[in-house]
Amino acid sequence: LEVTPWLGVFGPAGLPGPVLERLRKETNRLLAEADFRDKVRNLGGLEPYATTPEEFAALIQAEHAKYAQVVKASGARID
C-alpha cells in the first residue's frame, strides 16, 4: 500500500462558476509565491501544485477506489 498525502480546497456543492473560478485563481496565485510554497514544504514535505477542478475530481475518485479496496480487504467496519 502506498499512501501519498495531499491537501485540497473544497467548496459547497453548487458553488457558482464565477466564485469557483475566483477561488481557483487566488489559490493558484498563492501557490506561485515562493514564501507560501516553502511554508507548505516545511509542513511535512508536501510539494505544492495546482490542478484543474477536473483533475482534482479524478484524483479524489482514484483515491476513493484505492482506499475502498484497502478497507474491504482489511475487514474494517463501522460499529
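Look up: the structure comes first, before these words.
Thresholds, definitions, all that
- Residues numbered from 1 in each chain as written.
- Predicted model: local features only at pLDDT ≥ 70, side-chain atom pairs only at ≥ 80, totals over all residues.
- Heavy atoms only, no water.
- Phe/Tyr/Trp six-rings, centres within 6.5 Å; stacked < 30°, edge-to-face > 60°.
- Helix = DSSP H or I, 4+ residues; strand = E, 2+ residues; numbered from the N terminus.
- Buried < 20%, exposed > 50% of the residue type's maximum accessible area, 1.4 Å probe, protein only.
- Salt bridge = Lys/Arg side-chain N within 4 Å of Asp/Glu carboxyl O.
- Patch = residues over 30% accessible without salt bridge, like charges linked within 9 Å, V, L, I, M, F, W, Y side chains within 5 Å.
- Areas by Shrake-Rupley, 256 points an atom, 1.4 Å probe, with all protein chains shown as cover.
- Contact = heavy atoms within 4.5 Å.

A.B. asks: So, the packing of aromatic side chains: which residues are in play, and what are the values?
C.D. replies: All told, the structure shown has 2 aromatic pairs when counted by the stated rule. Ring centres 5.5 Å apart and planes at 90° place the aromatic pair tryptophan 6 and phenylalanine 56 in the edge-to-face group. Within this pair, whereas tryptophan 6 is found in the segment before helix H1 (17-31), its partner phenylalanine 56 is found in helix H3 (residues 53-74), the two being separated by 50 residues in sequence. Judged by relative accessible area, tryptophan 6 falls into the partly exposed class, the value being 29%. Judged by relative accessible area, phenylalanine 56 falls into the buried class, the value being 16%. Site record: aromatic cluster; members linked through ring pairs are Trp6, Phe10 and Phe56.

A.B. asks: Go over the pattern of salt bridges, please, and point to the residues and values.
C.D. replies: Taken as a whole and assessed by the stated rule, the structure comprises 9 salt bridges. With its nearest N and O atoms 3.2 Å apart, the salt bridge here joins arginine 37 to glutamate 47. Here glutamate 47 lies in the loop between helix H2 (34-42) and H3 and arginine 37 lies in helix H2, a separation of 10 residues in the sequence. Arginine 41 is the salt-bridge partner of glutamate 47, the closest N and O atoms lying 2.9 Å from each other.

A.B. asks: Can you lay out a nonpolar patch on the surface for me, pointing to particular residues and giving the numbers?
C.D. replies: Taken together, the side chains of Leu1, Val3 and Val70 make up a nonpolar region of the molecular surface, amounting to roughly 300 Å² of accessible area. Relative to the helices and strands, leucine 1 is located in the segment before H1.

A.B. asks: Pulling in residues and values, what's your account of the side chain of glutamate 63?
C.D. replies: Residue position: glutamate 63 is located in helix H3. Those residues within four positions of glutamate 63 in sequence are excluded, and the remaining contacts are Thr4 and Trp6.

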